[in-house]
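Chain by chain, the residues run as shown.
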Amino acid sequence: MSTSIRRETQPLLALDDYPLAATRYHAERPQAQLLIAGATGVPQGFYRRFAEHAASRGFNTMTLDYRGIGQSKPDSLRGFEMEYLDWAHLDLAAAVDQHRHAERPLFMIGHSFGGHAFGLLPNHDQVAGFYTFGTGAGWHGWMPRAEQVRVLAMWRLIGPLMTRYKGYLAWSKLGMGEDLPLGVYRQWKRWCRFPRYFFDDPQMPGLAERFAQVKTPMVALNSLDDLWAPPASRDAFMAAYVNAPYQARTLDSQAEGLGAIGHMGYFRPAAQRLWDETLDWFEQLRVEQRAA
């Protein structure tokens, strides 16, 4: 499949003109546009196989590296200043503007942070359907006990020591993803103190009202073995999309013959059946919206 899909790497300017790296996967006979909003600290290459599969099914697909990540990071993260939500307000919003098409609907895939980002987009109304994997509220209390211990150790011990020494979170040293800018680390750590993430933060007023404006059809799928975003965590966060036609999908990956999924397995080749389920849902929406 990978040899038959034309892939094009191109620059993408964020809304504040920050240069980002993006990749387009061209469908031979495109029926729709698809944008992938990745997870925190995950470079766009992780989503390549999903993007190729989507393109093989008629979706012109775009992936991108947020600022500070992958091919969109500066030479050094020390001293690099940004807000965590810049990834939504400035980076993904620009991708929506650039990837939408006058004659084809634009759909969007989220992974973890991607499900947070959608409600923050100034142009979410340009997206015809949204499907997110592994989105949760981030609070350790939603996690199994052993994972709580690991996460609290990161926030209270490892993270503070690492950022004090490096000036950023050297997450790659922990085998957990790309290194994270200091601003991302600090805000993420703060919001994970709250059961409903940034909605409970008194320093972030107005977010619930913004999410209530979203009316895009959406599905949130979480696996029972996702330690970082189990279904209860998903439900706590996704409740903010109060006016969107919304479906929650809870996956028992072992019972459904998919093996271990965890927080990252949604986009690994063994989960291709989930990919087709998602793309089928987009296709159904496309047909219904065209007939309306």
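Placed above this text is the structure.
Remember, it's a predicted structure, so these values are computed and weren't measured experimentally. (Residues numbered from 1 in each chain as written. Predicted model: local features only at pLDDT ≥ 70, side-chain atom pairs only at ≥ 80, totals over all residues. Heavy atoms only, no water.)

Visitor: Talk me through the overall build of the protein; I want residue IDs and the actual numbers.
Guide: Looking only at helices and strands, the protein has eight helices and eight strands in total. Its C-alpha atoms give the protein a radius of gyration of 18 Å, near enough to 19 Å, the size a compact globule of 292 residues would have. Principal-axis analysis of the C-alpha atoms places the extent of the protein at approximately 55 × 40 × 40 Å. Relative to its full complement of 292 residues, the protein shows a buried share of 58%. Contacts in the protein between residues far apart in sequence, at least 24 positions, make up 69% of those at least 6 positions apart. On the protein, roughly 12600 Å² of surface is accessible, and the fraction owed to carbon and sulfur atoms is 51%. Between the averaged position of the 31 positive side-chain charges in the protein and that of its 30 negative side-chain charges there is a distance of 4 Å. (Helix = DSSP H or I, 4+ residues; strand = E, 2+ residues; numbered from the N terminus. Rg over C-alpha atoms; globule rule 2.2 N^0.38 Å. Buried < 20%, exposed > 50% of the residue type's maximum accessible area, 1.4 Å probe, protein only. Contact = heavy atoms within 4.5 Å. Areas by Shrake-Rupley, 256 points an atom, 1.4 Å probe, with all protein chains shown as cover. Lys, Arg positive; Asp, Glu negative; His and termini not counted. Charge placed at Lys NZ, Arg CZ, Asp CG, Glu CD.)

Visitor: Which residues make up the pairing of strand E5 (residues 106-111), and what values go with them?
Guide: Counted residue by residue, E5 has six buried out of six residues, so it is predominantly covered. A two-sided burial pattern is seen for E5, the buried positions comprising Leu106, Met108 and Gly110 on one face and Phe107, Ile109 and His111 on the other. The pairing of strand E3 (residues 32-37) with E5 spans five bridges and is parallel. Bridged to Ala37 within E5 is Gly110. On the question of chirality, the crossover connecting E5 to the parallel strand E6 (residues 129-133) by way of helix H3 (residues 113-118) is right-handed. (Pairing = 2+ DSSP bridges. Right-handed = clockwise from strand over helix to strand, strands pointing away.)

Visitor: Tell me what's going on with the packing of aromatic side chains, and back it up with residues and numbers.
Guide: A complete count under the given rule lists 38 aromatic pairs for this structure. The interplanar angle of 15° and the centroid separation of 5.8 Å between the aromatic rings of Tyr84 and Trp191 together place this pair among those described as stacked. Note that Tyr84 is positioned in the loop between strand E4 (59-65) and helix H2 (86-99) and Trp191 in helix H5 (residues 182-191), a separation of 107 residues in sequence. Note on Tyr84: relative accessible area 1%, which makes it buried. When the ring of Trp191 is compared with that of Phe198, the centres are 5.3 Å apart and the planes differ by 80°; the resulting orientation is edge-to-face. Judged by relative accessible area, which is 0%, Phe198 ranks as buried. (Phe/Tyr/Trp six-rings, centres within 6.5 Å; stacked < 30°, edge-to-face > 60°.)

Visitor: So, the packing of helix H4 (residues 145-166) against H5: which residues are in play, and what are the values?
Guide: Running from N to C, H4 and H5 cross one another at 160°; their axes reach a closest spacing of 12 Å. By the angle between their axes, H4 is roughly antiparallel relative to H5. Between H4 and H5 lies a crossing whose hand is left-handed. Contacts between H4 and H5 involve Trp155, Gly159, Pro160 and Thr163 on the former and, on the latter, Leu182, Tyr185, Trp188 and Lys189. Grouping the constituent residues of the contact of H4 with H5 by class yields five nonpolar, two polar and one charged. (Axes fitted to C-alpha atoms, helices over the stretch in contact; angles between N-to-C directions. Parallel < 35°, antiparallel > 145°, perpendicular 65-115°, else oblique. Left-handed = near helix turned anticlockwise from the far one by under 90°. Nonpolar A, V, L, I, M, F, W, Y, C, P; charged D, E, K, R; others polar.)

Visitor: Could you give an account of the side chain of Glu147, with specific residues and numbers?
Guide: On the secondary structure map, Glu147 appears in helix H4. Overall, Glu147 belongs to the buried group, its relative accessible area being 6%. If near-sequence neighbours (up to four positions away) are discounted, Glu147 is found in contact with Leu227 and Trp228.

Visitor: Could you give an account of helix H1 (residues 48-56), naming the residues involved and the relevant values?
Guide: Listing the buried residues of H1 in full gives Phe50, Ala51, Glu52, His53, Ala54 and Ala55. Of the surrounding elements, those touching the buried residues of H1 are strand E1 (6-13), strand E2 (19-26), E3, E4, E5 and helix H8 (272-291). The positive-phi residue at the C-terminal boundary of H1 is Gly58, with phi of around 100°.

Visitor: Give me a nonpolar patch on the surface: which residues, what numbers.
Guide: Residues Leu157, Ile158, Leu161 and Leu174 make up a contiguous nonpolar surface patch of about 330 Å² in total accessible area. Structurally, Ile158 can be placed in helix H4. (Patch = residues over 30% accessible without salt bridge, like charges linked within 9 Å, V, L, I, M, F, W, Y side chains within 5 Å. Salt bridge = Lys/Arg side-chain N within 4 Å of Asp/Glu carboxyl O.)

Visitor: Account for the sheet that holds strand E8 (residues 246-251), naming residues and giving values.
Guide: Taken in spatial order, the eight strands of this open sheet run E1-E2-E4-E3-E5-E6-E7-E8, and their pairing is mixed. The open sheet has two edge strands, E1 and E8, and neither has a second partner. Direction aside, the axes of adjacent strands within the sheet are offset by 20° on average. Sheet strands touched by H2: E1, E2, E3, E4 and E5. Its angle to E4, the strand with the most contacts, is close to 155°. On top of the sheet, H8 reaches E3, E4, E5, E6, strand E7 (218-223) and E8; it is set at about 165° to E6, its chief contact.

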